[in-house]
Amino acid sequence: MRLSDAAGEIYSGLLDLMSEGGPGNFMVVSAGDVYVQFAGSPGNPKILCESISNEYLPQKSKMSKKDIETLKTLGFVLGGDQIENFSRSYEIPTEDQARELADVTVRILKEVYGVAPDGEVQIELSLE
């Protein structure tokens, strides 16, 4: 699927994370080496979002300081236990907010990681 066509499927996946499956639900949106992933559970409007950091990217895919600042402007912080990726939580009480998060995800892949609008993305939804 092309990045320019992915927002609808990301939106649908976010809704599924909060309404289907179990406590270990996740969705990964990836393009080559880069990804943005989400974790959620039914009945909980809070979604955890994680975005890959330079720690795990090959040299050719590393983010610039400007890219990192873009993520920070979107509310992401670097850190975590053993996995040092960028992360933040989103409250998604309405479908409109799920749609906005889907758009933000496309924006991150395009603006931060340089995925072209016609670049190929994979969306993997896993419902426990």
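This section reports on the structure supplied with the text. Owing to the predicted nature of the structure, the values given are computational and were not obtained by experimental measurement.

1. Focus: the pairing of strand S1 (residues 25-31)
Most of S1 sits inside the fold, with six of its seven residues counted as buried. The pairing of S1 with strand S2 (residues 34-40) spans seven bridges and is antiparallel. Bridge pairing in S2 links Val28 to Gln37. Turn length for the S1-S2 hairpin, with the two strands adjacent in sequence and antiparallel, is two residues, and the turn residue Gly32 shows positive phi of about 65 degrees. The pairing of S1 with strand S6 (residues 122-126) spans five bridges and is classified as antiparallel.

2. Some words on the packing of helix H2 (residues 65-73) against helix H3 (residues 95-112)
Look at H2 against H3: their axes get within 10 Å of each other, and the N-to-C directions meet at 165 degrees. In terms of orientation, H2 lies roughly antiparallel with respect to H3. The crossing of H2 and H3 is right-handed. Across from Asp67, Thr70 and Leu71 in H2, the residues of H3 making contact are Ile108, Glu111 and Val112.

3. Quick look at the environment of Glu9
Tracing the sequence through the fold places Glu9 in helix H1 (residues 7-19). Once the C-alpha coordinates of Glu9 and Tyr56 are considered, the two residues, 47 residues apart in sequence, prove to be 26 Å apart. Beyond its immediate stretch of four places on either side in the chain, Glu9 contacts Met1 and Ile123.

4. Focus: H3
Relative to the 26 Å expected for 18 residues at 1.5 Å per residue, H3 spans 25 Å between its end C-alpha atoms, a close match to the ideal helical length. Along its buried surface, H3 packs onto H1, S1, S2, strand S3 (46-51), H2 and strand S5 (85-91). A positive backbone phi angle near 75 degrees is found at Gly114, which sits one or two residues after H3.

5. Observations regarding the side chain of Ser30
With respect to the element layout, Ser30 can be found in strand S1. We classify Ser30 as buried; its relative accessible area is 17%. In contact with Ser30, not counting residues within four places along its chain, are Tyr35, Glu120, Val121 and Gln122.

6. Regarding the nonpolar core
Counting 38 residues, the largest nonpolar core has Leu14, Phe38, Ile108, Leu109 and Tyr113 as its most contacted members. Looking at which element gives the most residues to this core, the answer is H3, with eight residues. Those residues in contact with Tyr113 that lie beyond four places of it in its chain are Val34, Tyr35, Val36, Ser51, Ile52, Leu57, Met63, Leu71 and Ile108.

7. Quick word on the side chain of Asp67
Here Asp67 lies in helix H2. Buried charged residue Asp67 carries no salt bridge. Nearest counter-charge: Lys66, at 5.4 Å. Setting aside anything within four residues of it in sequence, one finds Asp67 in contact with Glu111 and Val112.

8. Concerning the sheet that holds S5
The six strands are arranged S4-S5-S3-S2-S1-S6 in an open sheet whose pairing can be described as antiparallel. The open sheet has two edge strands with one neighbour each: strand S4 (77-79) and S6. Between one strand axis and the next, the sheet turns through 25 degrees on average, direction left out of account. Summarising the sheet, S4 and S5 pair through three bridges and their orientation is antiparallel. Bridge assignment links Gly79 to a residue of S5, and that residue is Asn85. With respect to the sheet, H1 is in contact with S1, S2, S3 and S6, its orientation differing from that of S1 by roughly 160 degrees.

So, how was this worked out
Residues numbered from 1 in each chain as written. Predicted model: local features only at pLDDT ≥ 70, side-chain atom pairs only at ≥ 80, totals over all residues. Heavy atoms only, no water. Buried < 20%, exposed > 50% of the residue type's maximum accessible area, 1.4 Å probe, protein only. Helix = DSSP H or I, 4+ residues; strand = E, 2+ residues; numbered from the N terminus. Pairing = 2+ DSSP bridges. Axes fitted to C-alpha atoms, helices over the stretch in contact; angles between N-to-C directions. Parallel < 35°, antiparallel > 145°, perpendicular 65-115°, else oblique. Left-handed = near helix turned anticlockwise from the far one by under 90°. Contact = heavy atoms within 4.5 Å. Expected span 1.5 Å × (residues − 1). Core = buried A, V, L, I, M, F, W, Y, C linked by side-chain atoms within 4.5 Å. Lys, Arg positive; Asp, Glu negative; His and termini not counted. Salt bridge = Lys/Arg side-chain N within 4 Å of Asp/Glu carboxyl O.

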